Amino acid sequence: MKSSRTPTSLILAGLLAFFLSFAGLAAHAAEGEMSKESKACLSCHDKDVMTKTLESGEVLSLNVSTKAYTESMHKKTDCEDCHSNLDSKTHGKVKTAIKSKREFTLGMRESCRDCHKKKATEYDDSVHAALIKAGNKKAPLCTDCHNPHTVRSSKIVGPIAETPCAKCHEPIFKAYAKDVHGQERIAKGISAPLCAGCHQAHAVKAASMGEGVKDTCLACHKEVVKQHDEWLPNTVRHFEAISCPVCHAPDAKRRVNLRLYDSTAKRQVTEKLGVPKFEKRTDTADSKDMGLDERALWSLLKEFNQDGGDGKMLLRGRLEVSSGVEAHQLSEKSKALKDCDTCHKQGAAAFQSVTLTIAGPDGRPVRHGVQSEVLNSLTSMQSVRGFYAIGSTRIKLLDYLLILVVLGAASVPLVHMTIKRLFKGVRQKLEAERLAAAQDLGKQASTGHRQGADDASK
Ligand code: HEC
Ligand code: HEC
Ligand code: HEC
Ligand code: HEC
Ligand code: HEC
Ligand code: HEC
Ligand code: HEC
Ligand code: HEC
Ligand code: HEC
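Note that this is a predicted model, so its numbers are computed, not measured. (Residues numbered from 1 in each chain as written. Chains lettered and ligands numbered in written order. Predicted model: local features only at pLDDT ≥ 70, side-chain atom pairs only at ≥ 80, totals over all residues. Heavy atoms only, no water.)

Engineer: Explain the site of ligand 3 residue by residue, including any values.
Structural biologist: The local shell around ligand 3 holds 17 residues, among which His 74, Cys 112, Cys 115, His 116 and Ser 154 are the closest. One of the side-chain nitrogen or oxygen atoms of His 74 is found 2.8 Å away from a nitrogen atom of ligand 3. In this structure, His 116 approaches ligand 3 through a side-chain N or O atom, which is 2.8 Å from a nitrogen atom. If you list the elements that add at least two residues to the shell around ligand 3, you get helix H4 (79-82) and helix H8 (142-145). Across the shell around ligand 3, the residue classes tally to 7 nonpolar, 8 polar and 2 charged. (Near = heavy atom within 4 Å. Polar contact = N/O pair within 3.5 Å; in protein donor to acceptor, adjacent residues only side chain to side chain. Helix = DSSP H or I, 4+ residues; strand = E, 2+ residues; numbered from the N terminus. Nonpolar A, V, L, I, M, F, W, Y, C, P; charged D, E, K, R; others polar.)

Engineer: Describe the coordination of the iron atom of ligand 1, with residues and values.
Structural biologist: Geometry sets the ideal angles at a metal, namely 109.5 degrees for four tetrahedral donors and 90 or 180 degrees for six octahedral donors. In the first shell of the iron atom of ligand 1, the protein supplies His 83 (NE2) and His 149 (NE2), at 2.0 Å from the metal. Note that the iron atom of ligand 1 binds 6 donor atoms; their angles at the metal cover 87 to 178°, and the shape is octahedral. Within this pair, whereas His 83 is found in the loop between H4 and helix H5 (101-107), its partner His 149 is found in the loop between H8 and helix H9 (165-168), the two being separated by 66 residues in sequence. Looking at His 149, the relative accessible area reads 27%, which means it is partly exposed. (Donors = N, O, S within 2.8 Å, 3.2 Å for Na, K, Ca; no water. Tetrahedral: all angles 85-135°; square planar, octahedral: opposite > 155°, others 65-115°. Buried < 20%, exposed > 50% of the residue type's maximum accessible area, 1.4 Å probe, protein only.)

Engineer: Explain the site of ligand 7 to me, using residue names and the numbers behind them.
Structural biologist: Taken together, 16 residues lie around ligand 7, and His 228, Cys 244, Cys 247, His 248 and Lys 333 are the ones closest in. With respect to ligand 7, the side chain of His 228 contributes an N or O atom lying 2.8 Å from a nitrogen atom. Within the contact set of ligand 7, an oxygen atom lies 3.2 Å away from a side-chain nitrogen or oxygen of Lys 333. Those elements that provide at least two residues to the shell around ligand 7 are helix H13 (214-220), helix H14 (224-229) and helix H16 (244-248). Residues of the shell around ligand 7, tallied by class, amount to 9 nonpolar, 4 polar and 3 charged.

Engineer: Explain the packing of aromatic side chains to me, and be specific about the residues and the numbers.
Structural biologist: A complete count under the given rule lists 2 aromatic pairs for this structure. Here Phe 173 and Tyr 176 contribute two aromatic rings whose centre-to-centre distance is 6.5 Å and whose plane-to-plane angle is 35°, an arrangement assigned as tilted. One end of the pair is Phe 173 and the other is Tyr 176, both in helix H10 (residues 170-178) and 3 residues apart, which spans about a single turn. Classification of Phe 173 by relative accessible area gives buried; the value is 14%. A relative accessible area of 6% means that Tyr 176 is categorised as buried. Lying over the aromatic face of Phe 304, Arg 281 brings its terminal NZ or CZ to 4.8 Å of the ring centre. Here the guanidinium or amino end of Lys 338 rests over the ring plane of Trp 231, the centre of that ring lying 5.4 Å away. (Phe/Tyr/Trp six-rings, centres within 6.5 Å; stacked < 30°, edge-to-face > 60°. Lys NZ or Arg CZ within 6 Å of the ring centre and 35° of its normal.)

Engineer: Explain empty space enclosed by the protein residue by residue, including any values.
Structural biologist: Under the counting rule described, the total for this entry stands at 3 cavities of 30 Å³ or more. Considered as a void within the structure, the largest cavity measures approximately 40 Å³ in volume. When grouped by side-chain class, the residues that make up the lining of the largest cavity number 3 nonpolar, 1 polar and 4 charged. (1 Å grid on protein atoms, 1.4 Å probe; cavity = no way out; pocket = protein on both sides within 12 Å on 5 of 7 lines; lining within 4 Å. Points joined across faces, edges and corners; volume = space filled by probe spheres on them.)

Engineer: Give a detailed account of unusual backbone geometry, specifying residues and quantitative values.
Structural biologist: One non-glycine residue with positive phi stands out, namely Gln 200, at about 70°. A relative accessible area of 46% means that Gln 200 is categorised as partly exposed. In this model, Asp 289 sits at a positive phi of 55°, which is unusual for a non-glycine residue. Relative to the helices and strands, Asp 289 resides in the loop between helix H17 (278-285) and helix H18 (294-309). Accessibility expressed as a relative area gives 61% for Asp 289, which makes it exposed.

See below:
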């Protein structure tokens, strides 16, 4: 019957149309959230292949994918929220000049701040932001780590290679990927830290300054002080004087880092932006570039003290690995360094490489070599605080005294008196050196060697 078949097919056709349009609607739902203005932008920017040649010769792709954009965390954000500086009358019709990709990125850098104040403030305090301020052309801005048009939720855990840190710190990334945390992360996901898990994503600080990332390690490995205490005497002291990778990256080279420290302000001395003194002074004090010797180190300390420290500038020693890559070669615990002799032995390799450091204006360490014999000298014992490894120096008697200190608190007053007497001779020697150094300085100044603009010590 014709009349009865027609309604059925009509209904079927209607249903089909209904489902089809529903599917279509779903596909367009996300795009539907997009404002008319944003759609207008995409009508050009997601059509043909669009590029722009910049003055530097670089080619900037101008395509923005509607699909990726509607799947991104910014799907509800209008293009113009970030691109408010475009001239709607001339845009797309009149060509504008852009110097380089970097200039373009720098020009857009403030566009995130309004909506992400907290992250922006954290970032402002980072070593990366300080590097940008100092004119570094390779340090990251927000968009070097987040593509604003495709950004996904940070809760999505991707492969480790997707971390934005990898592209700029490739050698470190490669080392990390093979070490205990990289391997654990690949096998089990987020329980093990990726770069930001130890360094933070935004408030990234120079790694070897301050306490480094030690506190972050302890936040995850809550039991470690107790665990080390079972075999390592005075673990807390060891942890302060030794960076964790020194023992946990067993093949790493090690070095002693003497850090210039302001004992009144209780922080490391930082170079002021624009008035660097450290390099000039170390270059003067070590004109042959053989490493600072005992006397040079001493008069350098004196100069820094005259800047306002008033006898409060010290050197604080710390044992660390000698490169950034080695800090990311942590092995399983069975390979860790346990042998006391590695450090507590005359001529221990770890103590043969010594550097003096100050925090540069961007927070990164500025270093200068120091002759390793300095560690053996009594003169520097006066200024090198909080760093003395039993047996690693030639001062046998002091070794003995330190062992006494460690063995029994009862003997402490006695030991102090003995040390005082011992140091009497040392102090006289020091006084003579002090005089010699002062005379030296005087001579150099009068022959015009030290006429630098930084010469505030006179
Ligand atoms: C959350 C802020 C934000 C939103 C929203 C945004 N953009 Fe961008 N856009 C930027 C930033 C920042 C840059 C510069 C990127 C860089 O540093 O290279 C940029 C760059 C561009 C470029 C130059 C090519 C490129 O990818 O670098 C085009 C074209 C562009 N955006 C178009 C759009 C369109 C069209 C929309 C809306 C669909 C949009 N943008 C939405 C922030 C945004
Ligand atoms: C009529 C097509 C068209 C529309 C609509 C359009 N653009 Fe463009 N856009 C262009 C062309 C063409 C260029 C390259 C201009 C040049 O070479 O100087 C461009 C360049 C850009 C650039 C690169 C920086 C610059 O100043 O050259 C950005 C960012 C951008 N457009 C964003 C947008 C946004 C956001 C919208 C919507 C508010 C939009 N565009 C709408 C055609 C268009
Ligand atoms: C107009 C406001 C606005 C601006 C400007 C803006 N964003 Fe966003 N951003 C948002 C919103 C809204 C979300 C989604 C937040 C959410 O759902 O928690 C978001 C999410 C993000 C996320 C993902 C957060 C997560 O949960 O993982 C990142 C990363 C991000 N934005 C980076 C940027 C960057 C980089 C810029 C500058 C280029 C920028 N945003 C500019 C509004 C903005
Ligand atoms: C050096 C790379 C880097 C830079 C630069 C950077 N971020 Fe991030 N950001 C990350 C990483 C990695 C994450 C992943 C989450 C985490 O581990 O904290 C993230 C997460 C975020 C989130 C989501 C945070 C959350 O807790 O939900 C927002 C929003 C964000 N960044 C915005 C910004 C803004 C705005 C800037 C610029 C001021 C910026 N980021 C600069 C690497 C960076
Ligand atoms: C398990 C914690 C941890 C993880 C994960 C980690 N780091 Fe480190 N990072 C460190 C330690 C520790 C140091 C050395 C600091 C010290 O001397 O005390 C360091 C140092 C650095 C330095 C400074 C190197 C130098 O030359 O002084 C950079 C850059 C760095 N890390 C980047 C990264 C990047 C990129 C990743 C991810 C691929 C990463 N880190 C993952 C702990 C970590
Ligand atoms: C766009 C490139 C870029 C990205 C992305 C980037 N960095 Fe950096 N970072 C630099 C540059 C350049 C320096 C300066 C030191 C250098 O040249 O290695 C630096 C310095 C550092 C330092 C201080 C090094 C020191 O001497 O102590 C640390 C730590 C660091 N980055 C960690 C990270 C982490 C963690 C991430 C990811 C969340 C990251 N970086 C992403 C370019 C980048
Ligand atoms: C003097 C060398 C030394 C230093 C410094 C050191 N470790 Fe260890 N660590 C070891 C040795 C050796 C073991 C293995 C002990 C054993 O045989 O059980 C170990 C074990 C560990 C373990 C495994 C604990 C367990 O029993 O499961 C962790 C985690 C660890 N260390 C983290 C750290 C952290 C974090 C730091 C820095 C704060 C640090 N270590 C500093 C030598 C050291
Ligand atoms: C986000 C948490 C987290 C942080 C931060 C972290 N670790 Fe780990 N670490 C882990 C996890 C998870 C494992 C693998 C499981 C295990 O052995 O405990 C691991 C494994 C280790 C191991 C191997 C232990 C073994 O049993 O063989 C050592 C050594 C270690 N970490 C040292 C460090 C040091 C040093 C730091 C700081 C520079 C650090 N960790 C920072 C989570 C963390
Ligand atoms: C990686 C090098 C290293 C290893 C391995 C090491 N130490 Fe030390 N140790 C040091 C340094 C550096 C100091 C100096 C700490 C300070 O005074 O600042 C120190 C200090 C000490 C002190 C004096 C602590 C105090 O209370 O002032 C004793 C005792 C000691 N170590 C014993 C040991 C014993 C026992 C072992 C082996 C189980 C050992 N150390 C393994 C580097 C090491």
